[in-house]
Each structure stands twice: as C-alpha cells, then as structure tokens.
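Coordinate inspection notes
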Amino acid sequence: MTGDAPDAAWKQWHEQRVERISAPYGPLALTATHWVEDHPEGRLPDIPGTWVADGDGVVLTAAEGDGLTLDGRPFAGEAHLAADLGPEAESRVALGEKRLVVLVREDVWGVRVYDPAAEARRTFGGIEATPYDPRWSVPGRFTPYDDTRTVRVGNADGRERGLALAGELAFSLAGSDLTLQVAQQGDGRLWAVFGDATSGDTSFRFRFLFPQAPDAEGRTTVDFNRAQLPPCAFADHFICPFPPPGNRLDVAIEAGERALN
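Moving on, we come to the overall build of the chain. The helix and strand inventory of the chain stands at two helices and 17 strands. At 20 Å, the chain has a C-alpha radius of gyration in line with the 18 Å of a compact globule built from 261 residues. Based on the C-alpha atoms only, the size of the chain along its principal axes is roughly 65 × 40 × 35 Å. Evaluated residue by residue, the chain yields a buried proportion of 46% over its 261 residues.

The backbone of Glu106 shows a phi angle near 50 degrees, a positive value even though the residue is not glycine. Tracing the backbone through its elements, the reader meets Glu106 in the loop between β8 (98–105) and β9 (108–114). Taking relative accessible area as the criterion, Glu106 reaches 42% and is therefore assigned partly exposed. With a phi angle near 50 degrees, Ala174 is a residue other than glycine that sits in the positive phi range. Turning to its location among the elements, Ala174 is positioned in the loop between β12 (160–173) and β13 (176–184).

Right, let's get into the nonpolar core. If you look at the biggest cluster of nonpolar residues, it comprises 21 residues, and the most contacted ones within it are Phe171, Leu173, Leu180, Phe224 and Ile253. Mapped by element, the contributors of at least two residues to this core are β11 (137–154), β12, β13 and β14 (190–194). It is β12 that provides the largest number of residues to this core, a total of four residues. With residues near it in sequence (within four places) discarded, Leu180 still touches Gly167, Glu168, Leu169, Phe171, Ala192, Phe194, Phe224, Asn247 and Leu249.

This next bit is on the pattern of salt bridges. Enumeration over the complete set of coordinates arrives at 13 salt bridges. Among the salt bridges present, the one from Asp187 reaches Arg189, with a minimum N-O distance of 3.5 Å. Arg189 sits in the partly exposed class, given a relative accessible area of 27%.

This part covers the sheet that holds β8. With respect to topology, six strands assemble into an open sheet ordered β1-β9-β8-β7-β4-β5, the strand pairing being antiparallel. Because the sheet does not close on itself, it has two edges, and the strands there are β1 (30–35) and β5 (73–74). As judged from the three bridges shared by strand β7 (residues 93–95) and β8, these two strands associate in the antiparallel manner. Across the sheet, Val93 pairs through a bridge with Leu100, a residue of β8.

Relative to the helices and strands, Ser91 is located in the loop between β6 (77–81) and β7. A residue is classified by how much of its surface remains accessible, and Ser91, at 9% relative accessible area, is buried. Within polar-contact distance, the side chain of Ser91 engages the backbone oxygen of Val93 at 3.4 Å. Here Ser91 is in contact with Asp84, Arg99, Leu100 and Val101, once residues within four sequence places are set aside.

Along the chain, Val182 turns up in strand β13. Setting aside residues no more than four positions away along its own chain, Val182 makes contact with Phe142, Leu165, Ala166, Gly167, Leu169, Leu190, Trp191 and Ala192.

Time to look at the packing of aromatic side chains. Describing an aromatic ring pair means giving the distance of the ring centres and the angle of the ring planes. Evaluation of the coordinates by the stated rule reveals nine aromatic pairs. Judged by centre distance (5.3 Å) and plane angle (80 degrees), the rings of Trp191 and Phe208 are edge-to-face. With Trp191 in strand β14 and Phe208 in strand β15 (residues 207–209), this pair connects stretches of sequence that are 17 residues apart. When the ring of Phe206 is compared with that of Phe208, the centres are 6.3 Å apart and the planes differ by 45 degrees; the resulting orientation is tilted. The burial state of Phe206 is the same as that of Phe208; both residues are buried.

So, about the sheet that holds β14. Judged by pairing direction, the sheet is antiparallel, and its six strands sit side by side in the order β15-β14-β13-β12-β11-β16 without closing on themselves. If you trace the sheet from one side to the other, it starts and ends with β15 and β16 (219–223), each paired once. Each adjacent strand pair in this sheet contributes to an overall mean axis angle of 45 degrees, direction not counted. Pairing of β14 with β15 involves three bridges; the strand directions are antiparallel. Following the sheet pairing, Phe194 is matched in β15 by Arg207.

How each quantity is defined
Residues numbered from 1 in each chain as written. Predicted model: local features only at pLDDT ≥ 70, side-chain atom pairs only at ≥ 80, totals over all residues. Heavy atoms only, no water. Helix = DSSP H or I, 4+ residues; strand = E, 2+ residues; numbered from the N terminus. Rg over C-alpha atoms; globule rule 2.2 N^0.38 Å. Buried < 20%, exposed > 50% of the residue type's maximum accessible area, 1.4 Å probe, protein only. Core = buried A, V, L, I, M, F, W, Y, C linked by side-chain atoms within 4.5 Å. Contact = heavy atoms within 4.5 Å. Salt bridge = Lys/Arg side-chain N within 4 Å of Asp/Glu carboxyl O. Pairing = 2+ DSSP bridges. Polar contact = N/O pair within 3.5 Å; in protein donor to acceptor, adjacent residues only side chain to side chain. Phe/Tyr/Trp six-rings, centres within 6.5 Å; stacked < 30°, edge-to-face > 60°. Axes fitted to C-alpha atoms, helices over the stretch in contact; angles between N-to-C directions.

Geometric values such as these leave the question of function open.
Take a look at the structure:
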C-alpha cells in the first residue's frame, strides 16, 4: 500500500493549491497592477489618493473622503509605505474589501489591487491537472554556480527584467538527460521556470516547478506531477518571468497542472 502514499500526497497538494488560488485574496482576485512611474501626477486608475514613489517607498496622501484605511483604521494625511511582504490579505492599505498591495521590482514601485469580487474568482472552475504518475518524479542533482547569475528575460507584462539563477538542476526523464537553470529561494527550495513540448498546446505556455531544497550533496527530487501554472495563468496583471535560455525542454511533460478548467 506504500505506493498509494505519493498519490494521496499529490491529491492533498492539488486540493490545497485550488484552495489557495480561489481564496478571497488569492491570484484570481488580482484586478490591476499599476506602476507609479507611469502616473507622474500620482493618480492611479480607480484608486483614490495620490501615490508618489520616493526612493525606498511610496508616499500615499489621502483625504477623509477617499475612503482608504491604513492598518485597519480610516486614513487621512500622508504615509510612507514600504513594499508589502506579508499575505495580500494583510496589506496595510485597503479600500473597502479591496486590498492595495505595494510592490517593487528593480527599483520600480507599483500598487496591486486585490478584489474578492473579481469576475475571475466568481467564475473559477478549478485547475486541470493530470493525476499523479510516478514516471514523472525522478532524482535530480543541483550544482550551484560559483556566483549567482542574472539573465534578462521577458515577462508576461511585456517588459524585460532580471532573473537571478543559482545553478543547474540535472535529471533524466523519458530517456533523456536534461538540465534546468534554477533559482534558489530563502528556504532552500529551488524554482524553475520551464516550457516543454506541451506548452501552448495541451498545457499553459510555461510553468513553474519548486523542487525541495537539495541535500549537502545536491540531491533532490524533480517531481513534474507538481508542476504549477504561473500566477499569470490566473490573472493578466501578474508579471511572471518567461523561461530563461535552455529551459524549454523538448520532452512532452504530460504531468502536473495544465490549464484552467
């Protein structure tokens, strides 16, 4: 019966993914991303107050009638806002049920709008995902670069940004020896942005994969059963990076999350 354990774990993972995606302030709730530099007068579309970038943050100026709250209390005056690092539901600024999330990318400041009443959230029908298949879970070995490498890649919003890569992940799949360039997160987990022979056909145009942190010898598991749709599959206002050079695999990876239902 031990063979059932990975399948049961995958089902739980998939259910939790659906719950997170469809949460009131999950990816489906994102209705806008505004870059402050695109609005030099400080007036963002459909958002009250004025928002001005100021070096290491954004200065928000609002009047009582604007209806904004800051840290859960009605706000009027001026506040200096750093980037929101916590869950979107806990962002400092709100407009009714909407959450206004301050972010920064390559020193460019922006404000995202999360709305629980977003149409995408109301009409969400689930995530199309291929049931667990052990063939798509294989051993991998991570080899770090001497220094982090930053490559410029296109992003889903049409802009180009840097993607910091920590090393290469090597593995064998479907009779082929393959590698992916990967980033490494603060908790040690790896992050790959990849395409494959199904991309744009029977799956979304690219996907994310988050292998567990490698051990001291670089060993980890490459489990494409847990390939994920990127946030921009759920809302057009995300700025997901496209796969870096070499991360478009010739193999058809018929596993993991494929598309929205």
